Amino acid sequence: METKIQNIHKEFIEKSKLGDRNSQYKLYELYVDAMYNISMRMVGVKEDAEDVVQDSFVDAFKKLHFFKYESTFGAWLKRIVINKSINHLKLKRITFSPLENHEYNLKEEATEFKEKIDLDKVKLGIDQLPNGYKQIICLYLLEGYDHNEIGEILNISVSTSKSQYHRAKKKLIEIIKE
């Protein structure tokens, strides 16, 4: 027996599947800000994030017949936005360096940063990270994906995801301490 998720905007979704522009616009209004924030955290450039969100909504409405209420519409759309954001960054040639190319030991004890941290400092710090690090930090800390999911999304190994995350966290701490 397949579990279906209760969806609060089912009426708009069903009408949108039939091509109703008013319902599509209503869904757009409901989700555009949240999707923009997700993309902005990942791509870091206002205009690029706006483009990604627009493309994501166009794709979502074209593929709405594939939406089967197995998750919320917002979660389904969020996955589209994240994938589009990643593809956008790939087009800009943001690369990850494989674990084998670095002297990095996952067993090393990370330095604990226990001082009280100002949230604005963290946001500014994330913005200063190189794009590859920013991507991992956003997916892991802000979007809640685990390393297996990040590996799948970015087409990298789990160990590369973990090592990139640890390096990104270390760099973020350095930036915040400055």
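Up top is the structure these notes are about.
Residues numbered from 1 in each chain as written. Predicted model: local features only at pLDDT ≥ 70, side-chain atom pairs only at ≥ 80, totals over all residues. Heavy atoms only, no water.

### A few points about the overall build of the chain
Helix and strand counts for the chain come out as eight helices and zero strands. Helices and strands appear in the chain in the N-to-C order α-α-α-α-α-α-α-α. Every one of the 178 residues in the chain was classed for burial, and the buried ones make up 39%. Counting contacts in the chain only where the partners sit at least 6 residues apart, residues at least 24 apart contribute 71% of the total. Entry remark: accessible area of the chain is about 11,200 Å², with carbon and sulfur atoms responsible for 50%. (Helix = DSSP H or I, 4+ residues; strand = E, 2+ residues; numbered from the N terminus. Buried < 20%, exposed > 50% of the residue type's maximum accessible area, 1.4 Å probe, protein only. Contact = heavy atoms within 4.5 Å. Areas by Shrake-Rupley, 256 points an atom, 1.4 Å probe, with all protein chains shown as cover.)

### Here's the deal with the nonpolar core
Core analysis: the largest hydrophobic core is formed by 38 residues, its most contacted members being Met35, Phe57, Phe73, Ile82, Leu139 and Leu154. Of all elements in the fold, only α2 (21-43), α3 (46-62), α4 (73-91), α6 (131-142), α7 (147-154) and α8 (158-177) reach the threshold of two or more residues within this core. Among the elements that line this core, the one with the most residues is α4, at seven residues. (Core = buried A, V, L, I, M, F, W, Y, C linked by side-chain atoms within 4.5 Å.)

### What to know about α7
Listed in full, the buried residues belonging to α7 are His147, Ile150, Gly151, Ile153 and Leu154. Axial view of α7: buried residues confined to an arc of 165°, hence all on one face. Along its buried surface, α7 packs onto α4, α6 and α8. Two or three places before asparagine 148, at the start of α7, stands the capping residue aspartate 146, its side-chain oxygen 3.1 Å from that residue's backbone nitrogen. Looking one or two places after α7, you find asparagine 155, whose phi comes out positive at around 60°. (Arc of directions from axis to C-beta. Polar contact = N/O pair within 3.5 Å; in protein donor to acceptor, adjacent residues only side chain to side chain.)

### Description of the pattern of salt bridges
The final tally for this structure, using the stated rule, is six salt bridges. For arginine 41, the salt bridge identified is with glutamate 143, shortest N-O distance 2.4 Å. One end of the pair, arginine 41, is in helix α2; the other, glutamate 143, is in the loop between α6 and α7, and 102 residues separate them in sequence. Accessibility expressed as a relative area gives 32% for arginine 41, which makes it partly exposed. Judged by its relative accessible area of 10%, glutamate 143 falls in the buried class. (Salt bridge = Lys/Arg side-chain N within 4 Å of Asp/Glu carboxyl O.)

### Regarding the packing of aromatic side chains
By the definition in use, this model includes nine aromatic pairs. A centroid spacing of 5.3 Å and a plane angle of 50° characterise the contact between phenylalanine 67 and tryptophan 76, whose relative ring orientation is tilted. Ring centres 4.4 Å apart and planes at 45° place the aromatic pair tyrosine 140 and tyrosine 165 in the tilted group. Of this pair, tyrosine 140 sits in helix α6 while tyrosine 165 sits in helix α8; the two residues are 25 residues apart in sequence, bridging distant segments of the chain. Given the relative accessible area of 29%, tyrosine 140 is considered partly exposed. Here tyrosine 165 falls in the buried class, since its relative accessible area comes to 9%. (Phe/Tyr/Trp six-rings, centres within 6.5 Å; stacked < 30°, edge-to-face > 60°.)

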